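Summary of the model geometry
This is what each chain is made of:
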Protein chains: 2
Amino acid sequence: MTTEPEKLQEARDLFIEQWGAMGSLWGVTRTMAQTHAALLAAEEPVSTDDLMHELGISRGNANQTLRQLVEWGLVRSVRVRGDRKEYFVAEKKVWKIFCIIARERKRREIDPALAVLRECAARTNGLRNRNAKGFHKLVSQLADFLSTANNILERAAAREESTVIPALLKLFG
Amino acid sequence: MTTEPEKLQEARDLFIEQWGAMGSLWGVTRTMAQTHAALLAAEEPVSTDDLMHELGISRGNANQTLRQLVEWGLVRSVRVRGDRKEYFVAEKKVWKIFCIIARERKRREIDPALAVLRECAARTNGLRNRNAKGFHKLVSQLADFLSTANNILERAAAREESTVIPALLKLFG
DNA sequence: CTGTAGTTTCAGTAAATACTGAAATTACAG
DNA sequence: CTGTAATTTCAGTATTTACTGAAACTACAG
């Protein structure tokens, strides 16, 4: 016989493990994604010590990871009166989580890549020989596509979920 | 004075380096992304030896990386008659490249994640206490969102670029 | 102020990941 | 078939990346 709390604990562990594995999807370490998962799965604010014990990681690691999550905006820190400790709470609205992750990936990876692609296109603009022409065309197309995709994502992320998902489902459903 | 071929070479190197850095965006090694870039930037089919020299990597690495790119469908191998060597050519249509990468990420990472989220939701279905209810709601919402996003992407990737991008621009422009 | 709980930092270390290179295998030309 | 060029494989190694833990620092209570 499995009790309810045991079932919950198992499901929670499974979730933390899987969410951790998804770290590579948005370019963060396994530990950071697991930390995010642990906070998502918590009903109460969580302290650095709670986290260290739950995930079996060092204080330094827990502290750095939490700071990073706060910086991203996925987590905010809360204070309990009469307690010196800092506690942490995760943003739980799925659409917000998605927007934050998309924004960070864009800022950290897509924008710099786009700048370089444009630079490559500019440097080979007007060159005469066949190879140069082919290369120029390719990087220009890549830059245009990335730029367009980027814009679409940015505009979508600025809206409310209710005005985005239904429209997309209508378009592609 | 910089000659045209020199300018091209510089731009090409810049491109290879940057495309390599983007490997993490779709979950492949830097070398695999660089290899892809080198093939994209080539007007002629490229051999394993060409690649080893261009990127300064070992034969084993070049071979494995090329095989993987072929498996993904981003590269195909071509044979030159009267030559025993195998040569490689990259798919250059940007929309196709995008679709292939999206498909692989979906298959390798999103689908398994979705299965686990659903399992977590199922295991906590009907549990009574507050924590379990909150957790069940969260993972259900995450699973639904991921599933919807997945479907939209899949349907979009099955279409022609000309029927997707303009529609999205109209929707979000 | 002073003592203490809490937090941050970062040099050193551990773990994960990617790469090498040479031996084994395959595939082709003669 | 036979010899040779090309490719594949993978155990060992290098490199990169993430983590630890203890010392330094900070901020609060008394």
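Look a little higher up for the structure.
Model, not experiment: these values are computed from the prediction.

1. Some points on the interface of chain A and chain B
The partner chain B presents 61 residues to the 61 residues of chain A that form the contact. Buried area between chain A and chain B, summed over both chains or domains, comes out near 5700 Å², and the portion from carbon and sulfur atoms is 74%. At the boundary of chain A and chain B, one finds six salt bridges. With a shortest N-O distance of 4.0 Å, Glu43(B) and Arg130(A) are connected by a salt bridge. Our count for the contact surface shared by chain A and chain B stands at eleven residue pairs in polar contact (both at pLDDT 80 or more). For the side of chain A that touches chain B, the secondary structure elements donating two or more residues are helix H1 (4-21), helix H5 (94-123), helix H6 (130-157) and helix H7 (161-172) of chain A. In terms of residue count, the dominant contributor to the side of chain A that touches chain B is H6(A) (15 residues). Along the lines of polarity and charge, the residues of the side of chain A that touches chain B split into 35 nonpolar, ten polar and 16 charged.

2. Observations concerning the pairing of strand S3 (residues 86-90) of chain A
All names here are of chain A. Strand direction decides the pairing type here: strand S1 (residues 46-47) and S3, joined by two bridges, are antiparallel. Bridge pairing links Ser47 to Tyr87 in S3. Of the pairings in the sheet, the one linking strand S2 (residues 75-79) to S3 comprises five bridges and is antiparallel in character. Each residue of the ladder has a partner; that of Val78, found in S3, is Tyr87. In sequence, S2 turns back onto S3 through a hairpin of six residues, with Gly82 there showing a positive phi of about 80°.

3. Overview of the packing of aromatic side chains
Geometry of an aromatic ring pair is reported as the spacing of the ring centres plus the angle between the planes. With the rule as written, the count across this model stands at twelve aromatic pairs over all chains. On the basis of an interplanar angle of 80° and a centroid distance of 5.7 Å, the ring pair of Phe135(A) and Phe15(B) is categorised as edge-to-face. In this pair, Phe135(A) is assigned in helix H6 and Phe15(B) in helix H1 (residues 4-21), connecting two distinct chains. Here the two residues Phe135(A) and Phe15(B) agree in accessibility, since each one is buried. Aromatic side chains Phe145(A) and Phe98(B) sit 5.2 Å apart centroid to centroid with 55° between the ring planes, which places their arrangement in the tilted category. Within this pair, whereas Phe145(A) is found in helix H6, its partner Phe98(B) is found in helix H6 (residues 94-123), the two belonging to separate chains. Chaining the aromatic ring pairs together yields one cluster made of Phe15(A), Trp19(A), Trp26(A) and Phe135(B).

4. Focus: the protein's contact with DNA strand D
Taken together, 16 residues sit near DNA strand D, with Thr31(A), Ser58(A), Asn63(B), Arg67(B) and Glu86(B) positioned nearest. At 3.4 Å, a side-chain N or O of Gln64(B) approaches a base nitrogen of DNA strand D. Interatomic distance of 2.6 Å between a side-chain N/O atom of Arg67(B) and a phosphate oxygen of DNA strand D. Among the elements of the structure, helix H4 (59-72) of chain A together with helix H5 (59-72) of chain B are those that each provide at least two residues to the surface near DNA strand D. At five residues, the largest contribution of residues to the surface near DNA strand D is made by H5(B).

Rules and cut-offs
- Per chain, residue numbering runs from 1 following the sequence as it is written.
- A letter from A marks each chain and a number from 1 marks each ligand, given out in the order of writing.
- It should be noted that, the model being predicted, local features are given only for residues of pLDDT at least 70 and side-chain atom pairs only at 80 or more, the latter also being counted only at that level, while totals for whole chains, interfaces and linings use all residues.
- To get the side-chain values, take all heavy atoms of the structure and skip hydrogens and water.
- Throughout, a contact is declared for two residues whenever any of their heavy atoms are within 4.5 Å.
- By buried area we mean how much accessible surface two parts lose on assembly, using a 1.4 Å probe and totalling the loss over both.
- For this analysis, a salt bridge means a side-chain nitrogen from Lys or Arg found within 4 Å of a carboxyl oxygen belonging to Asp or Glu.
- Whenever two N or O atoms come within 3.5 Å, that pair is a polar contact, provided that in protein one can donate a hydrogen and the other can accept it, and provided that, for residues adjacent in sequence, both atoms are side-chain atoms.
- Put simply, DSSP marks the helices as runs of H or I at least four residues long and the strands as runs of E at least two long, and each gets a number from the N terminus on.
- Any residue that is not Ala, Val, Leu, Ile, Met, Phe, Trp, Tyr, Cys, Pro, Asp, Glu, Lys or Arg is counted as polar, Gly included; the first ten are nonpolar and the last four charged.
- Strands are treated as partners if at least two bridges between them are detected by DSSP.
- Side-chain rings of Phe, Tyr and Trp (the six-membered ring for Trp) are treated as a pair once their centres are within 6.5 Å; stacked means planes under 30 degrees apart, edge-to-face means over 60, and tilted covers the remaining angles.
- Only protein chains enter the calculation, and the probe is 1.4 Å; a residue is then buried if its accessible area is under 20% of its type maximum, exposed if over 50%, and partly exposed in between.
- Any residue with a heavy atom positioned within 4 Å of a molecule or strand is treated as near that molecule or strand.

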